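Here is how the chains run, residue by residue.
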Amino acid sequence: MTALTIADAARGLRAGTLTAAGLLRQVSDQADKLDPQLGVYLTRFADDAAAAAERADRELAAGIDRGPLHGIPLGVKDILATRGWVTTAQSLVHRPDWWLDQDAPVVARLRAAGAVITGKTTTMEYAIGLPDPDKPFPLPRNPWNPATWTGGSSSGTGAGVAAGLFLGGLGTDTGGSVRIPAAYCGITGLKPTYGLVPRAGCLPLGFSLDHIGPMAHSALDCALMLSVMAGHDPRDPAARRDPAAAPGTRPDYAGALTGDLSGLRIGIERAIPATAQWCDPALLPALDTVADGLAAAGADVTEVEIPCYRALADADLVIMAGEAFSFHRAAMTERWGDYGRYTRTFIAQGALLSAADYVTAQRARRVACAALGEVLGGLDAIVTPTCATGAPAYEGLDMGSLMTQIFTGAFNSTGLPALALPAGFTAAGLPLSVQVIGHPLAEATVLAIGDALQRRTTHHLAEPEIATHG
Amino acid sequence: MADVKAAPSPGTIEAVRALLAGAGLNPPEAEIEIMAAAYPGFRAAADRLYPLVYDDDPAPVFDPAALFGAGPDA
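Computed from a prediction, not measured in an experiment: that's the story for all the values here.

The rules behind each value
Residues numbered from 1 in each chain as written. Chains lettered and ligands numbered in written order. Predicted model: local features only at pLDDT ≥ 70, side-chain atom pairs only at ≥ 80, totals over all residues. Helix = DSSP H or I, 4+ residues; strand = E, 2+ residues; numbered from the N terminus. Buried ≥ 20, exposed ≤ 12 C-beta atoms within 10 Å, placed from the backbone. Rg over C-alpha atoms; globule rule 2.2 N^0.38 Å. Contact = placed C-beta atoms within 7 Å. Pairing = 2+ DSSP bridges. Nonpolar A, V, L, I, M, F, W, Y, C, P; charged D, E, K, R; others polar. Core = buried A, V, L, I, M, F, W, Y, C linked by C-beta atoms within 7 Å. Axes fitted to C-alpha atoms, helices over the stretch in contact; angles between N-to-C directions. pLDDT = per-residue confidence, 0-100. Expected span 1.5 Å × (residues − 1). Bend = angle between axes of the 7 residues up to and from the residue. Parallel < 35°, antiparallel > 145°, perpendicular 65-115°, else oblique.

Colleague: Give a detailed account of the overall build of chain B, specifying residues and quantitative values.
Modeller: Secondary structure summary: chain B contains three helices and zero strands in total. Written out in order from the N terminus, the α and β elements of chain B read α-α-α. Counting the 74 residues in chain B, one finds 27% classified as buried.

See the structure below:
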């Protein structure tokens, strides 16, 4: 079986071979069957979703077409506000009335585009830490092998797309939280340029590193979602105002996906994986295959090394800990035991760093970005692995080891768009992934590169056995 | 990051306990040891950044006009 993409479903809805209500029934049946095992949802919006699907069918029948997301079931990570539904942040600490009466702008935009929001998906508490069996929340498991982890923190969205519980969804990314679960779950996930998607109504982790991004099977699906999600909102002070981010003047993300990469110069980065404790033996051959695919699509492929990679990753860690502790300190001093053990012991690292450490990390971030800019200036994009291995086993998960096996945080420090996409499988059948990093606001290019690769491969359409056989 | 399974030294544990207490946090001893095991990794990440900024401008950008709006003479 191959996965149903948003683009395919949108065609089916218009051709009359699918209805939004039927599509919702299909994904709801899948959730009934698999959610107890996979821990995708914190809350399901059964009645609201059914009403939205019926409305979508009525509107489409009446000739009202809100675009490619009209009638498409999507999941939302439970640190984003959804009107009338408590956002838990998968935490006992979070105030239940937070943003209760309104949608986050990004959720409102999806609803206005006709999307059917099916529910709120699992995360790590406040988007940091590890799954915590001591707290009363589902533990997300990877559809490719439920003995392995989904990655995080957009865990439920990653697993839910992979297993067919919805066709796409929202994640957030401060050190890789869209791209890591996308990588481990074998789907595609985009961290857009910092500020392109407004973060009002999204609980912060590290406010100068936080991004909201789409997760779906394909780069095309991510482009369709981003076209709705992007654009200024005054409630996020970091939301971009440039014409390149605004509806009407920004690039046509989906229209840019032609499959032809002629004229693009793309750097392949092979040094970053050497920073890991261990890499899967299939990873670098997968990167070679990606390089061949890029060349076959017409790109000029060259070898590069990212300068200051370590500094960018270090800055992400220090800034994240400092900003997270700034947000949580007041609650943490009162309610230490209510936080999960992995979340509280990570965030409290921010108490161990000094003000000078934080300021230095912000300064170093700028210096390192300038050095990277020298290399990126001669290129359109850089491609490097997303993670060193396939999904790690649940048994024995630990934060310290995990942090050496992921290559994502450096690109949160840069604020550059980064698209993670499937690139093959380990010998054990777990997905591997590469990420495409581009210039600021060059999402169209980054997505076009991902799409060109996906036109030549089927990794992104592969479904885990559990999705077809339960 | 340091391997969180590595045993932290007594000095590191004491330093971490004091820094946490200074921030109003008094977690159980077992969790202080977990944080002390991870702390050298965070400390090293922060320390590695200082040489990089030695010759850089001293502060992040601050723009009062962006916060307050430009004055009448602008």
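Colleague: Talk me through the overall build of chain A; I want residue IDs and the actual numbers.
Modeller: Helices and strands together make up the secondary structure of chain A, namely 15 helices and eleven strands. Taken over C-alpha atoms, the radius of gyration comes to 20 Å for chain A, in line with the 23 Å a tight globule of 470 residues would show. When its C-alpha atoms are laid out on the principal axes, chain A stretches across 60 × 60 × 45 Å. Per-residue burial over chain A gives 62% buried out of 470 residues. In chain A, the share of contacts with a sequence separation of at least 24, taken over all contacts with a separation of at least 6, comes to 79%.

Colleague: Tell me about the pairing of strand 6 (residues 211–216) of chain A, and please be specific about residues and values.
Modeller: Residue and element names in this part refer to chain A. Across the six residues that make up strand 6, a large majority, six, are buried. Pairing of strand 4 (residues 168–173) with strand 6 involves six bridges; the strand directions are antiparallel. Looking at the pairing, Leu-170 lines up with Pro-214 of strand 6. Sheet topology places strand 5 (residues 188–191) next to strand 6; two bridges connect them, and they run antiparallel. Pairing of Thr-188 across the sheet is with Ala-216, part of strand 6.

Colleague: Break down the interface of chain A and chain B for me, citing the residues and quoting the values.
Modeller: Every contact between the two is made by 33 residues of chain A and, on the other side, 28 residues of chain B. Contributions of two or more residues to the side of chain A that touches chain B are made by helix 9 (309–335), helix 10 (341–347), helix 11 (355–376) and helix 12 (399–403) of chain A. When residues in the side of chain A that touches chain B are grouped by element, the largest group, ten residues, is from helix 9 of chain A. Classifying every residue of the side of chain A that touches chain B gives 18 nonpolar, eight polar and seven charged.

Colleague: Break down the nonpolar core for me, with residues and values.
Modeller: Among the nonpolar cores identified, the biggest contains 172 residues, and Val-116, Ile-117, Ala-223, Val-318 and Leu-447 of chain A are the most heavily contacted of them. Residue contributions to this core peak at 13 residues, all from helix 9 of chain A. In this view, Val-318 of chain A contacts Leu-353, Asp-357, Tyr-358 and Ala-361 of chain A together with Ala-45 and Ala-46 of chain B; residues no more than four positions away in its chain are not counted.

Colleague: With reference to specific residues and values, describe the sheet that holds strand 3 (residues 116–121) of chain A.
Modeller: All names here are of chain A. Pairing is mixed across the open sheet formed by eleven strands, whose spatial order is 1-3-2-4-6-5-10-11-9-7-8. This sheet does not close on itself; its edge strands, each paired only once, are strand 1 (41–44) and strand 8 (300–304). Adjacent strand axes in the sheet meet at a mean angle of 30°, parallel and antiparallel pairs treated alike. Alignment of strand 2 (residues 73–77) against strand 3, held across five bridges, turns out to be parallel. When the sheet's bridge partners are listed, Leu-74 is paired in strand 3 with Ile-117. Seen against the sheet, helix 14 (residues 443–454) touches strand 5, strand 7 (265–269), strand 9 (381–385), strand 10 (418–425) and strand 11 (431–438) and runs at an angle of roughly 15° to strand 10.

Colleague: Could you give an account of the environment of Ala-391 of chain A, with specific residues and numbers?
Modeller: Residue and element names in this part refer to chain A. With respect to the helices, strands and loops of the structure, Ala-391 is situated in the loop between strand 9 and helix 12. Judged by the 27 C-beta atoms lying within 10 Å of it, Ala-391 falls in the buried class. Sequence spacing of Ala-391 and Pro-431 is 40 residues, and the spatial spacing of their C-alpha atoms is 7.5 Å. Those residues in contact with Ala-391 that lie beyond four places of it in its chain are Asn-142, Trp-144, Asn-145, Thr-148, Trp-149, Gly-151, Tyr-184 and Leu-430.

Colleague: Can you explain the confidence of the model for chain B? Please cite residues and give values.
Modeller: The share of residues in chain B with pLDDT of 70 or more is 88%, and the mean pLDDT across the chain is 88. Across the whole predicted complex the pTM is 0.97, and at the interface the ipTM reaches 0.94.

Colleague: Describe helix 14 of chain A, listing the residues and the values that go with them.
Modeller: Residues and elements named next belong to chain A. Its twelve residues give helix 14 an end-to-end C-alpha distance of 16 Å, which sits within 8% of 16 Å, the value for a rise of 1.5 Å per residue. For helix 14, the tally of buried residues reaches twelve of twelve residues, placing the bulk of the element in the interior. Regarding helix 14, the residues found buried are Glu-443, Ala-444, Thr-445, Val-446, Leu-447, Ala-448, Ile-449, Gly-450, Asp-451, Ala-452, Leu-453 and Gln-454.

Colleague: Explain helix 9 of chain A to me, using residue names and the numbers behind them.
Modeller: What sets the pattern is the α-helix's 3.6 residues per turn: residues three or four places apart point alike. Taking 1.5 Å of rise per residue, 27 residues should cover 39 Å, and helix 9 of chain A covers 37 Å from first to last C-alpha, within 8% of that figure. Along helix 9 of chain A, the sharpest change in direction is near 60° and occurs at His-328 of chain A.

Colleague: Give a detailed account of unusual backbone geometry, specifying residues and quantitative values.
Modeller: All names here are of chain A. The step from Gly-152 to Ser-153 runs through a cis peptide bond, and the omega angle for that step is 15°. As for its placement among the helices and strands, Ser-153 is situated in the loop between strand 3 and helix 5 (155–163). Its identity is not glycine, yet Trp-99 carries a phi of approximately 50°, on the positive side. The phi dihedral of Cys-308 falls on the positive side, at around 60°, and the residue is not glycine. When you line up the elements, Cys-308 lands in the loop between strand 8 and helix 9.

Colleague: Give a description of the packing of helix 1 (residues 10–22) of chain B against helix 2 (residues 29–49) of chain B that names residues and reports values.
Modeller: All names here are of chain B. Between helix 1 and helix 2, the shortest axis-to-axis distance is 9 Å and the interhelical angle comes to 105°. One finds that helix 1 runs roughly perpendicular with respect to helix 2. Across from Thr-12, Ile-13, Val-16, Arg-17 and Leu-20 in helix 1, the residues of helix 2 making contact are Ile-32, Glu-33, Met-35, Ala-36, Tyr-39 and Pro-40. Here the contact of helix 1 with helix 2 is built from residues that sort into eight nonpolar, one polar and two charged.

Colleague: So, the environment of Thr-123 of chain A: which residues are in play, and what are the values?
Modeller: Residue and element names in this part refer to chain A. Its location among the elements puts Thr-123 in the loop between strand 3 and helix 5. Since 32 C-beta atoms lie within 10 Å of it, Thr-123 is described here as buried. With 16 residues separating them along the chain, Thr-123 and Leu-139 place their C-alpha atoms 9.0 Å apart. Once residues lying within four places of it in the same chain are set aside, the contact partners of Thr-123 are Lys-77, Asp-78, Ile-79, Gln-90, Gly-152, Ser-153, Ser-154, Ser-155 and Gly-156.

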